[in-house]
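If you want the building blocks of each chain, they are given just below.
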Amino acid sequence: MNNNDIETPYFLINRDLLQQNTDTFIEGMQCNWERVKLSYSVKTNSLPWILRFMNQKGVMAEVVSDEEYDLAIMCDFNPENIVFNGPIKGKEHLEFALKNNSYVNIDSESDLDVIQSCNIYSNRIGIRLNIPPALFSSKDIEYTEDGFRFGFSVENGSFERALKKIKNQCDIKKIGVHLHCNSITRSLNVYRAIAEYVVAVVDKYKIEPCYLDFGGGFFGGVPGKTTPSEYFNVITSIIKRTPRLRNTLLLAEPGSALIGSTVELHTTVVDVKDTNCSRIITTDGSRIHIDPLWIKNGYLYSISYKDGEKRKYEEKQIICGYTCMDHDRLMVLMNEPELKAGDKIIYQRVGAYSMTFGGPFIRYLPDVYVDSNNELQLVRRRMKTEEYYRINTAQSMQ
Ligand SMILES: Cc1ncc(COP(=O)(O)O)c(C=O)c1O
């Protein structure tokens, strides 16, 4: 199938690139530490094809809801290869996860209560640390004043209280430690600070964690940015300073670093119009497909002009999406060849928080193809109106 024959909008996953990003990440961990495991952050892009790809590569699944846990099981992940995170785990799923040897990172007070009520012993329980914002430069993180939402603070005693609460359900001297920290810059300094902090924490509580989970938030697959090997070189050079961490299992759970750079969104210009103020280009893509948080201020893109004819340059063209929202504006092109209906705009590196994030708003989530050695395979078909109707009415419950 040729790209030009495919109806837009659609996402296109580059399989080779996904393989390369995943291999590079695994190698980057392995060349710095002996015991490592990589898991994939399912929420970043939960497309079943991607989950099966990761499973086949021996990558684990990191999930943050009962639904994601079920999805990972449906994609044939062994429960032993699931990392169960997040503050909202249900009792039934938590019980199953503990019994079946998933990694379980406790994140909230309700998590603690549920885990206590399960009363199951496991040697794969961890606690997420609420990392003090003061460890970081204010340009690297948000919430410098209010701090992060997740995990338990050492500083106010809640980490210690959590340890005491679960002392009958695991060996708290070997409790796992989860350290994910959202940073704006994905800077090496963030990981340096986290590694130094965890060394201090394990020394303070005299624990030898069965694992350290450094979470996600890494760069990956973007030329010129920090590589996985550079991150793990910094992390391991710090954690190896204390004998308590020398035999620990190192986990990471990246999402964007694996999938972000491997996906394109292909769209078509459907209308060109001049208002009294501007040239408006309406396309069949939307900002909800590639920027559902409405925060991006630019995209990597390419344009394929329909007929190859020479175009005059247009001073300003506002590229808009198909939704009936005035602010569905993707970008402004300045002094570019004028666009015409039928031209294609292709957005690159849009694999994270995109194809499974935007909802069925006005139109339904686009088709997804995978490109393996120039062979295109349809791996998700756009929902039909009848399907939308069925799952959004009581009929779906019958
Ligand atoms: C706990 C946890 N792990 C992993 C990730 C994945 O992060 P990223 O996609 O930036 O690698 C996130 C994202 O917020 C997260 O909250």
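Residues numbered from 1 in each chain as written. Predicted model: local features only at pLDDT ≥ 70, side-chain atom pairs only at ≥ 80, totals over all residues. Heavy atoms only, no water.

## Regarding the domain arrangement of the protein
For step 1, the next point in the chain: With domains assigned, the protein is organised as domain 1 (3–11 + 261–391) and domain 2 (31–254).
For step 2, the next point in the chain: One C-alpha centre belongs to domain 1, the other to domain 2, and the line joining them spans 35 Å.
For step 3, the next point in the chain: In this complex, domain 1 contributes 12 residues to the contact, which on the side of domain 2 involves 10 residues.
For step 4, the next point in the chain: Buried surface at the junction of domain 1 and domain 2, summed over both partners, amounts to about 890 Å²; 61% is from carbon and sulfur atoms.
For step 5, the next point in the chain: Of all residues in domain 1, the largest losses of buried area upon contact with domain 2 belong to R349, Y353 and T356, amounting jointly to 46% of the total for that side.
For step 6, the next point in the chain: Our count for the domain 1 to domain 2 interface comes out at zero salt bridges.
For step 7, the next point in the chain: Inspection of the region where domain 1 meets domain 2 yields three residue pairs in polar contact (both at pLDDT 80 or more).
For step 8, the next point in the chain: Listing elements by their share of the side of domain 1 that touches domain 2, those giving two or more residues are strand 16 (367–372) and strand 17 (375–380). (Domains from an automatic or database assignment. Contact = heavy atoms within 4.5 Å. Buried area = accessible area lost by both parts, 1.4 Å probe. Salt bridge = Lys/Arg side-chain N within 4 Å of Asp/Glu carboxyl O. Polar contact = N/O pair within 3.5 Å; in protein donor to acceptor, adjacent residues only side chain to side chain. Helix = DSSP H or I, 4+ residues; strand = E, 2+ residues; numbered from the N terminus.)

## Some words on the nonpolar core
For step 1, the next point in the chain: Formed by 99 residues in total, the largest nonpolar core has its most connected members in I13, F159, F214, F218, I239 and Y347.
For step 2, the next point in the chain: Residue contributions to this core reach at least three from each of two domains, namely domain 1 (3–11 + 261–391) and domain 2 (31–254).
For step 3, the next point in the chain: Excluding residues within four positions of it along the chain, I13 makes contact with L18, L47, W49, I50, T262, V263, M355, V368, Y369, V370 and D371.
For step 4, the next point in the chain: Counting residues in each nonpolar core, the second largest holds six residues, with M60, V83, Y103 and L251 among its members. (Core = buried A, V, L, I, M, F, W, Y, C linked by side-chain atoms within 4.5 Å. Buried < 20%, exposed > 50% of the residue type's maximum accessible area, 1.4 Å probe, protein only.)

## What to know about the pattern of salt bridges
For step 1, the next point in the chain: All told, the structure shown has 19 salt bridges when counted by the stated rule.
For step 2, the next point in the chain: In this structure, the salt-bridge partner of K165 is E109, at a minimum N-O distance of 4.0 Å. Of the two residues, K165 is situated in helix 6 (residues 158–165) and E109 in helix 5 (residues 109–118); the sequence distance between them amounts to 56 residues.
For step 3, the next point in the chain: Of the residues examined, K165 reaches a relative accessible area of 34% and is grouped as partly exposed.
For step 4, the next point in the chain: Judged by its relative accessible area of 42%, E109 falls in the partly exposed class.
For step 5, the next point in the chain: Each of D274, R279, K312, E314 and E338 takes part in salt bridges that share partners, so that together they form one network.

## Re the packing of helix 1 (residues 15–30) against helix 8 (residues 228–239)
Describing two packed helices takes the angle between their axes plus the distance from one axis to the other.
For step 1, the next point in the chain: Between helix 1 and helix 8, the least distance of the axes is 8 Å, while the angle of their chain directions is 25°. As judged from the angle between their axes, helix 1 and helix 8 are roughly parallel. Where helix 1 crosses over helix 8, the two elements pack in a sense that is right-handed. Judged by residue contacts, T24, F25, G28 and M29 of helix 1 engage P228, S229 and F232 from helix 8.
For step 2, the next point in the chain: Looking at side-chain class alone, the contact of helix 1 with helix 8 contains four nonpolar, three polar and no charged residues. (Axes fitted to C-alpha atoms, helices over the stretch in contact; angles between N-to-C directions. Parallel < 35°, antiparallel > 145°, perpendicular 65-115°, else oblique. Left-handed = near helix turned anticlockwise from the far one by under 90°. Nonpolar A, V, L, I, M, F, W, Y, C, P; charged D, E, K, R; others polar.)

## Side note on the sheet that holds strand 7 (residues 176–178)
For step 1, the next point in the chain: In spatial order, the strands read 2-3-4-5-6-7-8-9; together these eight strands close into a barrel with parallel pairing. Pairs of neighbouring strands in the sheet enclose a mean axial angle of 25°, with direction left out of account.
For step 2, the next point in the chain: As defined by bridge partners, strand 6 (residues 125–128) adjoins strand 7 across three bridges and the pair is classed as parallel. The residue bridging G126 from the neighbouring strand is G176, located in strand 7. (Pairing = 2+ DSSP bridges.)

## Overview of unusual backbone geometry
For step 1, the next point in the chain: The peptide bond linking T8 to P9 adopts the cis configuration, its omega dihedral lying at 0°.
For step 2, the next point in the chain: Positive phi, normally seen in glycine, also occurs at N101, with a value near 70°.
For step 3, the next point in the chain: For N101, the location among the structural elements is in the loop between helix 4 (91–99) and strand 5 (103–106).
For step 4, the next point in the chain: Since its relative accessible area comes to 27%, N101 is described here as partly exposed.

## Focus on the packing of aromatic side chains
For step 1, the next point in the chain: A full pass over the atoms with the stated rule returns 16 aromatic pairs.
For step 2, the next point in the chain: An angle of 75° between the planes, with centres 6.0 Å apart, marks the rings of Y353 and F357 as edge-to-face.
For step 3, the next point in the chain: Note on Y353: relative accessible area 29%, which makes it partly exposed.
For step 4, the next point in the chain: For F357, a relative accessible area of 39% gives the class partly exposed.
For step 5, the next point in the chain: Within the aromatic cluster, the residues linked to one another by ring pairs are F25, Y191, F218, Y231 and F232.
For step 6, the next point in the chain: In this structure, K89 packs its charged tip against the face of F84, placed 5.7 Å from the ring centre.
For step 7, the next point in the chain: One Lys or Arg, R363, reaches over the ring of Y322 and ends 5.7 Å from the middle of that ring. (Phe/Tyr/Trp six-rings, centres within 6.5 Å; stacked < 30°, edge-to-face > 60°. Lys NZ or Arg CZ within 6 Å of the ring centre and 35° of its normal.)

## So, the site of the ligand
For step 1, the next point in the chain: The environment of the ligand is formed by 16 residues, the closest being K43, G217, E253, G255 and S256.
For step 2, the next point in the chain: Take E253: an N or O atom from its side chain is 2.9 Å from a nitrogen atom of the ligand.
For step 3, the next point in the chain: The side chain of S256 places a nitrogen or oxygen atom 2.8 Å from an oxygen atom of the ligand.
For step 4, the next point in the chain: Contact with the protein chains removes 91% of the 390 Å² of surface that the ligand exposes when unbound.
For step 5, the next point in the chain: Residue composition of the shell around the ligand, by class: two nonpolar, nine polar and five charged. (Near = heavy atom within 4 Å. Areas by Shrake-Rupley, 256 points an atom, 1.4 Å probe, with all protein chains shown as cover.)

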